Amino acid sequence: MAPVLDAKIPAGRLQDKWDNYKNSIKLVNPANKRKHTILVVGTGLAGGSAAATLAELGYNVKAFTILDSARRAHSIAAQGGINAAKNYPNDGDTIWRLFYDTIKGGDYRSREANVYRLAQVSNNIIDQCVAQGVPFAREYGGLLANRSFGGAQVERTFYARGQTGQQLLLGAYAAMSRQVAKGKIQMHTRSEMLDLVVIDGRARGIITRNLVTGEIERHLGDAVLLCTGGYGNVYYLSTNAKNCNVTAAWRAYRRGAYFGNPCFTQIHPTCIPVSGEYQSKLTLMSESLRNDGRVWVPKQPGDSRRPTEIPEEERDYFLERRYPSFGNLVPRDVASRNSKYVCDEGRGVGETQLAVYLDFADSIQRLGRNVIEERYGNLFEMYERITGENPYQVPMRIYPAVHYTMGGLWVDYELQSTIPGLFVLGEANFSDHGGNRLGASALMQGLADGYFVIPYSLGHYIAGSRIEAASTAHDAFEAAESEARGRIQKLLTIKGNRTVTEFHRDLGRIMWDNVGMSRTADGLRIAVDEIAALRDQFWQDVFVPGEPTTYNKNLEFAGRVADFLELGELMARDALIREESCGGHFREEFQSEDGEALRNDKDFTFVSAWQHNPDDIRKPTMHKEPLAFENVELTTRSYK
């Protein structure tokens, strides 16, 4: 019987729901917490903060990372900042305004209760991180500094130059390392989750592979927390690290966890453009740069002059022109689409003409180079190292690229999936960002989930559940391990003629062309069929060299691409059924005369939650969680 989509939203006013929840939950006695083992998969901001907090509370924690150190989780790549509603600049910010901006930024496709809770706990996150020693930027008088980000008219983003994710992760890592030293956390590095183990309907364990020795291991726990990030690498080229993948979440999906809004992916407007056919990933330039950088293209198509040779009157500052209220700080989906529009008109710049300028000349003249260096120096240095161009002297060239995924495993208010005992945190779940994530909200969600939400909801689950004794000798462990070994053996014995990278690159082309920045019904149908055909070819013609009992990157990536080939089709199906444009999901059939997104609130104000069909992967079942907006009005999202 399929699980019922009960979001478990607490009763009461929106402002009281989180307090009502905390006041009504069951608690675990401190002496009993040490009787329970929690498995935390992923050690980025969500996983690291959750592992550290749960261990501090007394639980026994096993933490797993595919990397050689938890410090190298992809959270480290976040640059520009983290939002909170402290209103230090005294410019009118409130918890309500942060909540509203996030709901509006997500184009009204996220739960009110979850988003309001996120805004509520945001201030606690800053206090927590300051106490850990995170070196946030400060004003001359010593107060924490703030800057603006897209989709907001206040300065609420706390930052550490362009290294905010790195500094926050080091704070969580330090807290985690303390618990490792105390013996409350067992750290398993270079360990990849291959499957989820479900016993009596509850998530009770995982199957992992030691990426150095190839050893398959079984791990038993009383609950499993998936904190494994997003699936942007389904597009092959993205701003994600090459190791980012969907395998842990996809294994859970195949075990019965629903997948929410898989088509909601974010295209980031501020990325270094693609430079060649064999490029393996893309590099993000922080959204914070749009505080002081102005986005423009030549007014005339085909203008090949150097940017410094184009006079002011022949430049089109198109974001400032079209969106005077927000200018260059419109949300990411709006900025990305407009960059695409001007390039489609033949006004793009650079060799490929798939780029626009991000120009700091005005800011350097107004503020001085030393101020710009203090704010963005490491980002400017990174850009120059990659492109060979000095952005203090010539404008940066940027173009949209796949960055974040708003979709993920479906969770309720407690961050629990449709499998009891399986909790999903951070980017791996779908919950807080709707159709488009506002900048500086990813770090906020990861730390909110790990530090301030899961300690309550996990305790409530454990206190209210009858978790039977079990062991890794259980038949469910045996079956899951057997399936994992079978997949590995099958990949190694195909001995085809094409590499894993070739298949991944082909998948990326299909996804970018048809399920990317702009989508059509015809293109999505093509994607569904082409991905299915590519998947069949993969299982017949892929070549994976090496052995299963050694360090084997080809084998690692083969398993991940196999899962991407299933996920990609689901994303296209989800995009096909959503006959509207909202956030990052832009269907060309549904747009206004001036190219703005047209939502269909009558028919599509819901979360699509997809259930795996074990008999036919090409026929998943879609369930709907209706979204009720009782506190904000569903209006046309305008930044003009």
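Residues numbered from 1 in each chain as written. Predicted model: local features only at pLDDT ≥ 70, side-chain atom pairs only at ≥ 80, totals over all residues. Heavy atoms only, no water.

1. Brief notes about the sheet that holds strand 11 (residues 265–271)
Working definition: the strands of a sheet are paired by backbone hydrogen bonds and lie parallel or antiparallel to each other.
Step number 1: Spatial ordering of the open sheet is given by 11-15-14-12-13, a layout of five strands whose pairing is antiparallel. Each edge of the open sheet carries a strand with a single partner, namely strand 11 and strand 13 (315–316).
Step number 2: Note that strand 12 (residues 294–298) and strand 14 (residues 356–359) share three bridges and pair antiparallel. The partner of Val295 across the bridge, within strand 14, is Leu358.
Step number 3: The strands touched by helix 9 (residues 332–344) within the sheet are strand 11, strand 12, strand 14 and strand 15 (396–405), with strand 11 carrying the most contacts at an inclination of about 65°. (Pairing = 2+ DSSP bridges. Helix = DSSP H or I, 4+ residues; strand = E, 2+ residues; numbered from the N terminus. Contact = heavy atoms within 4.5 Å. Axes fitted to C-alpha atoms, helices over the stretch in contact; angles between N-to-C directions.)

2. With respect to the pattern of salt bridges
Step number 1: A full pass over the atoms with the stated rule returns 61 salt bridges.
Step number 2: Linking Arg156 and Asp101 is a salt bridge whose minimum nitrogen-to-oxygen distance equals 3.0 Å. Taken together, the residues span a long stretch of sequence, with Arg156 in the loop between helix 5 (112–131) and strand 4 (157–158) and Asp101 in helix 4 (residues 95–105) at a distance of 55 residues.
Step number 3: Linked by salt bridges that have partners in common, Asp107, Arg109, Asp333, Arg337, Arg578, Glu580, Arg599, Asp601 and Arg637 make up one network. (Salt bridge = Lys/Arg side-chain N within 4 Å of Asp/Glu carboxyl O.)

3. Considerations on the pairing of strand 7 (residues 202–210)
Step number 1: Of all nine residues that make up strand 7, eight are buried, and the element is covered over most of its length.
Step number 2: Strand direction decides the pairing type here: strand 6 (residues 191–199) and strand 7, joined by eight bridges, are antiparallel. Paired with Met193 across the bridge in strand 7 is Thr208.
Step number 3: Taken together, strand 6 and the strand that follows it, strand 7, pair antiparallel across an intervening segment of two residues, in which Asp200 is found at a positive phi of about 50°.
Step number 4: The pairing of strand 7 with strand 8 (residues 216–220) spans five bridges and is antiparallel. Residue pairing in the sheet places Thr208 in a bridge with Glu217 of strand 8.
Step number 5: Linkage of strand 7 to strand 8, two consecutive antiparallel strands, is achieved through a turn of five residues, within which Gly214 is found at a positive phi near 80°. (Buried < 20%, exposed > 50% of the residue type's maximum accessible area, 1.4 Å probe, protein only.)

4. Re helix 13 (residues 475–493)
Step number 1: With 19 residues, helix 13 extends 27 Å from end C-alpha to end C-alpha; this agrees with the ideal 27 Å at 1.5 Å per step.
Step number 2: Listed in full, the buried residues belonging to helix 13 are Ala476, Phe477, Ala480, Glu481, Ala484, Ile488, Leu491 and Leu492. All buried residues of helix 13 fall inside an arc of 145° around its axis, so they share one side.
Step number 3: In this fold, the buried residues of helix 13 make contact with strand 6, strand 7, strand 8, helix 15 (521–541) and helix 16 (553–577).
Step number 4: Looking at the residues trailing helix 13, positive phi occurs at Lys495, about 55°. (Expected span 1.5 Å × (residues − 1). Arc of directions from axis to C-beta.)

5. Thoughts on the side chain of Arg332
Step number 1: Among the secondary structure elements, Arg332 is positioned in helix 9.
Step number 2: Judged by relative accessible area, which is 4%, Arg332 ranks as buried.
Step number 3: In this structure Arg332 touches Phe149, Gln266, Ile267, His268, Pro269, Glu287, Arg290, His403, Asn436, Arg437, Gly439 and Ala440, once residues within four positions along its chain are discounted.

6. Some points on unusual backbone geometry
Step number 1: With phi around 60°, Asp107 is a residue other than glycine that occupies positive phi space.
Step number 2: Structurally, Asp107 is set in the loop between helix 4 and helix 5.
Step number 3: Accessibility expressed as a relative area gives 2% for Asp107, which makes it buried.
Step number 4: A positive phi angle is found at Asp200, which is not glycine, with a value near 50°.
Step number 5: Take Asp200: it is sitting in the loop between strand 6 and strand 7.
Step number 6: Relative accessible area serves as the criterion here: at 69%, Asp200 is assigned to the exposed category.

7. Concerning the domain arrangement of the chain
Step number 1: Domain annotation of the chain identifies domain 1 (2–264 + 406–464), domain 2 (267–401) and domain 3 (475–604).
Step number 2: The gap between the C-alpha centroids of domain 1 and domain 2 is 31 Å.
Step number 3: Contacts between the two partners involve 24 residues from domain 1, matched on the other side by 28 residues from domain 2.
Step number 4: For the domain 1 face of the interface with domain 2, the top three residues by lost area are Gln79, Leu237 and Thr239, together amounting to 26%.
Step number 5: The interface formed by domain 1 and domain 2 includes zero salt bridges.
Step number 6: Summed over the shared surface of domain 1 and domain 2, the result is 14 residue pairs in polar contact (both at pLDDT 80 or more).
Step number 7: Class assignment of the residues belonging to the side of domain 1 that touches domain 2 gives a composition of seven nonpolar, 13 polar and four charged. (Domains from an automatic or database assignment. Buried area = accessible area lost by both parts, 1.4 Å probe. Polar contact = N/O pair within 3.5 Å; in protein donor to acceptor, adjacent residues only side chain to side chain. Nonpolar A, V, L, I, M, F, W, Y, C, P; charged D, E, K, R; others polar.)

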